[in-house]
Amino acid sequence: MTSTFTTDPSGHRYQRAYAQALGEQALHDLVTALYQPLFTALSRRLGIPHRIETYAQQQAGEHYRRTWLRLLPRVDAARWWLAPSTGTPHLRVPCPHPDCGWAEKHAERTRVHLTAPESAVVSAVCLHHGPYEATITPTVGAYLDLATLYRNLVKELALTSPQGTLHVMVKGGDWVFGSHLVDEALQAVGLARAQLPARLFCPQVVTDTGAKLSKSLIREGRAPLPEGTAPWMLDTRQWPGTVTEYADRLLAMTETLLSDPRHFFRSYSAAEIGRLIIAPSPRSVPSR
Ligand SMILES: [Zn+2]
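Anyway, here's the lowdown on the structure attached to this text.

Thresholds, definitions, all that
- Residues numbered from 1 in each chain as written.
- Predicted model: local features only at pLDDT ≥ 70, side-chain atom pairs only at ≥ 80, totals over all residues.
- Heavy atoms only, no water.
- Helix = DSSP H or I, 4+ residues; strand = E, 2+ residues; numbered from the N terminus.
- Rg over C-alpha atoms; globule rule 2.2 N^0.38 Å.
- Buried < 20%, exposed > 50% of the residue type's maximum accessible area, 1.4 Å probe, protein only.
- Contact = heavy atoms within 4.5 Å.
- Areas by Shrake-Rupley, 256 points an atom, 1.4 Å probe, with all protein chains shown as cover.
- Lys, Arg positive; Asp, Glu negative; His and termini not counted.
- Charge placed at Lys NZ, Arg CZ, Asp CG, Glu CD.
- 1 Å grid on protein atoms, 1.4 Å probe; cavity = no way out; pocket = protein on both sides within 12 Å on 5 of 7 lines; lining within 4 Å.
- Points joined across faces, edges and corners; volume = space filled by probe spheres on them.
- Nonpolar A, V, L, I, M, F, W, Y, C, P; charged D, E, K, R; others polar.
- Donors = N, O, S within 2.8 Å, 3.2 Å for Na, K, Ca; no water.
- Tetrahedral: all angles 85-135°; square planar, octahedral: opposite > 155°, others 65-115°.
- Pairing = 2+ DSSP bridges.
- Axes fitted to C-alpha atoms, helices over the stretch in contact; angles between N-to-C directions.

1. Describing the overall build of the protein
Turning to step 1, where the next piece is worked out: Summing up its helical and strand segments, the protein has twelve helices and twelve strands in all.
Turning to step 2, where the next piece is worked out: Compactness check: the protein gives a C-alpha radius of gyration of 21 Å against a globular reference of 19 Å for 288 residues, within 12% of the reference.
Turning to step 3, where the next piece is worked out: Structurally, the protein occupies a C-alpha span of about 60 × 45 × 35 Å along its principal axes.
Turning to step 4, where the next piece is worked out: For the protein, the residues scored as buried account for 41% of the 288 residues in total.
Turning to step 5, where the next piece is worked out: Look at the contacts in the protein between residues 6 or more apart in sequence, and 60% of them connect residues 24 or more apart.
Turning to step 6, where the next piece is worked out: Of the roughly 15,800 Å² that the protein leaves accessible, carbon and sulfur atoms contribute 56%.
Turning to step 7, where the next piece is worked out: When the 30 basic and 25 acidic side-chain charges of the protein are each reduced to a single mean position, those positions are 3 Å apart.

Here it is in structure tokens:
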């Protein structure tokens, strides 16, 4: 999840993550405003407790950092799975200068050195402030921004500790292909197949052109609002009724989709999702 980009005079691309561009408190407030009421309502309906954790919070945690530090000596074995076109899985640490926070998008000048079993130094170059270094240990250090596949490898590794808990990764259907690469990367760094986490892939909501309905691109004005998309699909606060009613309708739709594998392993246009939620008669969903 990134928000802003720029290029320095030598042509290096830079980016800032939401956590740096907005500030972590603003990011937390945004997630709370957009999702917390709905998740609370779903949690009450299902009797299942929940907790929301952003990536900014997760990467700051001791367990995630220790998992990454332990992976570092072995990550070379997985490099072609994590970055099939270049062989260099990208890691970004934002410039620590106050009010800066830019990091090299392609990490061309970013280097990582393990200096002790649980301590690494990342060096990089800021477009405004020149070279900088950041030390990362399990308990302290800079924001750890990893490329998507690399990030997912660490997230899934962090869930493999033998605690008698079944962890399930829930992903959108667009992740089916990426997950094969993560599976190979997990095995390349030493996991057996039985240790790989369980994953559930959910139907994708797509536009009329077949592209993924991207809430962030539409909000930023970089993609048009597709036909049949209702404002409440992008912002739960726009739902015309109560949030409890919204939760009930979502759960009813989920039951329809889960009632037959044929309903679940496919994509739905935003317009069809709208129909399924507003008038739950499955029009384009084949019946038995
Ligand atoms: Zn800087």
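So, next bit.
2. Re the layout of surface pockets
Turning to step 1, where the next piece is worked out: Its volume calculated, the second largest pocket comes out at about 380 Å³.
Turning to step 2, where the next piece is worked out: Taken together, 16 residues form the lining of the second largest pocket, with V75, D76, T88, P89 and V112 sitting closest to its centre.
Turning to step 3, where the next piece is worked out: Each residue belonging to the lining of the second largest pocket can be placed in one class, and the counts come to eight nonpolar, four polar and four charged.

3. Overview of the coordination of the zinc ion
Turning to step 1, where the next piece is worked out: Within the protein, the zinc ion binds to C95 (SG), C100 (SG), C126 (SG) and H129 (ND1); these donor distances fall in the range 2.1 to 2.3 Å.
Turning to step 2, where the next piece is worked out: Every donor counted, the four donor atoms about the zinc ion form angles of 105 to 113 degrees at the centre, which fits tetrahedral coordination.
Turning to step 3, where the next piece is worked out: Read in sequence order, the donor residues coordinating the zinc ion give the pattern C-x4-C-x25-C-x2-H.
Turning to step 4, where the next piece is worked out: The buried category is assigned to C126, whose relative accessible area is 4%.
Turning to step 5, where the next piece is worked out: Here H129 falls in the partly exposed class, since its relative accessible area comes to 35%.

4. Focus on the sheet that holds strand β7 (residues 130-136)
Turning to step 1, where the next piece is worked out: Taken in spatial order, the three strands make up an open sheet running β5-β6-β7, and their pairing is antiparallel. Every other strand in the sheet has two partners, leaving β5 (111-116) and β7 as the edge strands with one partner each. Across the sheet, the mean angle separating the axes of adjacent strands is 25 degrees when strand polarity is ignored.
Turning to step 2, where the next piece is worked out: Bridge count between β5 and strand β6 (residues 119-126): five bridges; the pairing is antiparallel. Within β6, the residue paired with L114 across the bridge is A120.

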